Amino acid sequence: MAEILRIQNITKTFGTHVAIDQVSLSLKKNSILGLLGPNGAGKTTLLRLITQIVLPDSGQLFFNGSPLNESHRVKMGYLPEERGLYRKMRVQEQLMYFAQLRGLSAKEAKQQSSEWLQRLQIEHLHSQVLETLSKGQQQKIQFISAVVHKPELLILDEPFSGFDPANAEVIKNEILSLHQSGTTIIYSTHRMDTVEDVCTELLMINKAKVVLQGEPHAIRKQFDKGYVRLVYSGTLPTQLQSAIVEQRLLEGNKTSYLLSSSLDRKQLLQMLINQGEVHHFEEHLPSMHELFLDHVNKTNE
Amino acid sequence: MKQMWTVLKQEYSNRIRKRSFIVMTILGPVLSLCVLFIPIYLSLDTTERIHVWLQSSAPQHLNGNYTDQTFIFHPIPEGRISDVEKEFMQQPDKADVLVYYTIEQGRVVLWDKKGLSTAEQWKLKNKIQDIYTKELVSRYLPQHATAPAMQYIPLAEEKQYADLLQLTGLFCAIIIYFFIFYYGVQVMKGIVDEKVNRVVEVILCSVKPFHWMMGKILGIAAVCLTQFGFWTMIYIWIGSKFNHRYGDAITQFNNENIQETLRVSKDAWQAMEWNVFAQSFETLPLMKIGVCFFIFFILGYLLYASLFAAVGAMTDNETDTQQFTFPITAPLFITFLFAGFIISDPDSQLAVVLSYFPLTSPVAMMLRIPFGVSAWEIAGSVAMLATAFVLSVYMASQVFKRGVLQYGKAMSWKDLFSFGKK
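Rules of the game
- Residues numbered from 1 in each chain as written.
- Chains lettered and ligands numbered in written order.
- Predicted model: local features only at pLDDT ≥ 70, side-chain atom pairs only at ≥ 80, totals over all residues.
- Heavy atoms only, no water.
- pLDDT = per-residue confidence, 0-100.
- Helix = DSSP H or I, 4+ residues; strand = E, 2+ residues; numbered from the N terminus.
- Axes fitted to C-alpha atoms, helices over the stretch in contact; angles between N-to-C directions.
- Parallel < 35°, antiparallel > 145°, perpendicular 65-115°, else oblique.
- Left-handed = near helix turned anticlockwise from the far one by under 90°.
- Nonpolar A, V, L, I, M, F, W, Y, C, P; charged D, E, K, R; others polar.
- Buried < 20%, exposed > 50% of the residue type's maximum accessible area, 1.4 Å probe, protein only.
- Salt bridge = Lys/Arg side-chain N within 4 Å of Asp/Glu carboxyl O.
- Pairing = 2+ DSSP bridges.
- Contact = heavy atoms within 4.5 Å.
- Core = buried A, V, L, I, M, F, W, Y, C linked by side-chain atoms within 4.5 Å.
- Patch = residues over 30% accessible without salt bridge, like charges linked within 9 Å, V, L, I, M, F, W, Y side chains within 5 Å.
- Areas by Shrake-Rupley, 256 points an atom, 1.4 Å probe, with all protein chains shown as cover.

Quick look at the confidence of the model for chain B now. Residues and elements named next belong to chain B. Averaged over every residue, the pLDDT of chain B is 77; residues scoring 70 or more account for 75%. For chain B, helix 8 (residues 255–264) is the element with the lowest average pLDDT, namely 50, and helix 14 (residues 361–368) is the one with the highest, namely 92. Scored by ipTM, the complex comes to 0.78, with pTM at 0.72.

Structure follows, in structure tokens:
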């Protein structure tokens, strides 16, 4: 698949503080990149470098194979974490302004903004002044302002922040829908559950450096500790007693175990079947949440 | 009451510790002394004394020595006023002002060939009055002991209608000052507003900082010009209505039909002066004033707007802008403090310097132009102002790029001047 964004060893410093240190990335078209990291890691700076809000001190960025330049601004959409809209401006007027800043004609801007307002079921707010809307409604307007011009690359910094679960689901579906229609997405968040659901690639940053990079399942497999999640009735074989990481009694004389064993999983399963009743058996890969905490703590040491 | 006192103490404590307060408290007396003494110092320049020819309807009584530090009086003991007037006009030098007393009618006419400044006129009129009341009348003709009616006739072309010229200059300067200040601050407030509302990042991912800054400056300039255009149309409409209502009445008092009346009645003189004043609008170089006004207004606004844009980028709340806006607006303000001096002596050193210095030239030059400023002087001032604008836009764009994403702490002056460093 063709590459939409390539970042080569970029570094960005603000005074004496190194915000991004030799970060590289290759992002395929039509992928969804999850950008993870603790607060202050450098995620927002990386996003600002991609969107040309700030310029790197060294390194290069390429968009669709050519060096990043002014003409690429209109091909990107950006939803910053710090939400910001003109409070005294009317909704559609504001959306049209942003759309025209990004290259649409007035007519196209009006058409696209109307369509998006309908899609998110807020078309009745088109002539309202922004400060009269609820926070959730303002967030929707902000989301629309990032996508109204049909960007090739959409960058979302904490897109679900401020949404209730129902509206968060609506936004998630719209993000997936945009992905299906060909938009490449960079998605920065602390919500690990959504990362695992949605992202095709991951990039984890801590203290300005990359600590993890790749496809989510592959990364989890890379850190497979050999854990097995087991729901079992019966007495656990003696040799497995020392392998218990976690144990929880369930209803119906069942017990849930998390086992850490060096045995081959087939052998282990056979052993368990011989001794008792196996209700559930699956390999337990570390969650993104666990990986995140592990790597952040490791880097901080 | 106690709570009010607590709030009062807190407010006082907050503001008295601000750097801007401390700086102004120290600078204030220095500035006000400069404003007071610089014009006096500059006006102490030795200039040639003014030659005043004196004649009266009773010339035999003009035999005192009235000369002082400013005026050299030449009493004309005999001859008809018409002959004296002719000789005065033909005299190439040592004939600056001719004063003629018609004692029986209690009036004095002053013909000014030199073009006295307002201060010089005032001084001369006082002196003339003194000579009249203390010398001529009290000593020789006490039956005419009333204050004389004075008629001042400027003969120097550039000094005719001095009152109107001063008013015109002042009016143009006030309008420029108002628009530059008001709309320049709008630029600053707009940027601070966008920072406060966190719209900055959304804008900057679509637009280069320089284009954003210039878009705002020029957009607000367009608003300003729209308003000014509207005001101009209103003034023209009011002027046409006024002319329609009163124009005939004023032009009735022209030279041809009140010649006799002038010799008799003081009121007619005042009507004549009003006629002269009203008709003097026709002598104003309106096109020149209009074109210069437009050029200085546009360039002045652009210069100040770019400075205000930089200030807006340096802070994220309006309170913090004050420490930066004062040094920017001080030159314009100081120019206005000197306005009286400039219009009374438009060719003085101070007036010329202020009309070249870019931060003061939009106001200072407009004060001078109605009195006649050469084209090369205007061109030079415009060139300096345009250069200053280009430099200020460059500087402002650098500050803008660095400061516009900064929150929580206003950039300091040190940060500002280190923008060239990586």
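After presenting the structure, the write-up continues.
Residues and elements named next belong to chain B. Closest axis-to-axis distance for the helix 10 (residues 286–314)/helix 15 (residues 375–403) pair is 8 Å, and the angle between their directions is 20 degrees. Taken together, the axes of helix 10 and helix 15 lie roughly parallel to each other. For the element pair helix 10 and helix 15, the recorded crossing hand is left-handed. For the contact of helix 10 with helix 15, the per-class residue count stands at 22 nonpolar, 5 polar and 1 charged.

Let's shift gears to unusual backbone geometry. Residue and element names in this part refer to chain A. Of note, Asn9 is a non-glycine position whose phi angle comes to about 50 degrees, a positive value. Inspection of the secondary structure assignment puts Asn9 in strand 1 (residues 3–14). With a relative accessible area of 40%, Asn9 lands in the partly exposed category. Even without being glycine, Glu158 reaches a positive phi, approximately 50 degrees.

Attention now goes to the pattern of salt bridges. Scanning all chains against the criterion turns up 17 salt bridges over all chains. Among the ionic pairs, A:Arg229 bridges to A:Glu246, the shortest N-O distance being 3.5 Å. Note that A:Arg229 is positioned in strand 11 (residues 227–233) and A:Glu246 in strand 12 (residues 244–250), a separation of 17 residues in sequence. The class of A:Arg229 is buried, set by a relative accessible area of 18%. Between B:Arg368 and B:Glu377 there is a salt bridge; the shortest N-O distance is 3.0 Å. Here B:Arg368 falls in the buried class, since its relative accessible area comes to 1%.

Residues and elements named next belong to chain A. The strand order across the open sheet formed by 4 strands is 12-13-11-14, and the pairing between neighbours is antiparallel. Of all strands in the sheet, those with a lone pairing partner are strand 12 and strand 14 (277–284), marking the two edges. With direction set aside, neighbouring strand axes in the sheet form an average angle of 15 degrees. Note that strand 11 and strand 14 share 7 bridges and pair antiparallel. If you follow Leu230 over to strand 14, its bridge partner there is Phe281. The strands touched by helix 8 (residues 265–275) within the sheet are strand 11 and strand 14, with strand 14 carrying the most contacts at an inclination of about 160 degrees.

Okay, the pairing of strand 12 of chain A next. Residues and elements named next belong to chain A. Direction of pairing for strand 12 relative to strand 13 (residues 254–260): antiparallel, over a ladder of 6 bridges. Within the sheet, the bridge partner assigned to Leu250 lies in strand 13 and is Lys254. Remark: 3 residues form the turn of the hairpin made by strand 12 and strand 13, two consecutive strands paired antiparallel; Gly252 in that turn has positive phi of roughly 70 degrees.

Grouped burial of nonpolar side chains is what soluble globular proteins tend to show. With 149 residues, the main nonpolar core has A:Leu46, A:Ile50, A:Phe143, A:Leu153, B:Phe296 and B:Tyr301 as its most contacted residues. A total of 18 residues in this core trace back to one element, the largest contributor, which is helix 10 of chain B. When sequence neighbours within four positions are dropped, the list of residues in contact with A:Phe143 reads A:Leu79, A:Trp116, A:Leu120, A:Leu156, A:Ile171, A:Glu174, A:Ile175 and A:Leu178. Grouped together as the second largest cluster of nonpolar side chains are 19 residues, B:Ile103, B:Val108, B:Leu124 and B:Tyr152 included.

Moving on: a nonpolar patch on the surface. Residues and elements named next belong to chain B. Together, Phe171, Phe230, Met233, Ile234, Tyr235, Trp237 and Ile238 give the surface a local cluster of nonpolar side chains, amounting to about 770 Å² of exposed area. With 6 residues, the single largest contributor to the nonpolar patch is helix 7 (residues 209–252). Relative to the helices and strands, Phe171 is located in helix 5 (residues 162–196). Judged by relative accessible area, which is 44%, Phe171 ranks as partly exposed.

What follows deals with the packing of helix 2 (residues 91–101) of chain A against helix 3 (residues 106–119) of chain A. Residue and element names in this part refer to chain A. Close contact between helix 2 and helix 3 brings their axes to 9 Å; oriented N to C, the two are set at 125 degrees. The angle between helix 2 and helix 3 falls in the class oblique. Crossing hand, helix 2 versus helix 3: right-handed. Contacts between helix 2 and helix 3 involve Val91, Gln92, Leu95, Met96, Ala99 and Gln100 on the former and, on the latter, Ala106, Ala109, Lys110, Ser113, Ser114 and Leu117.

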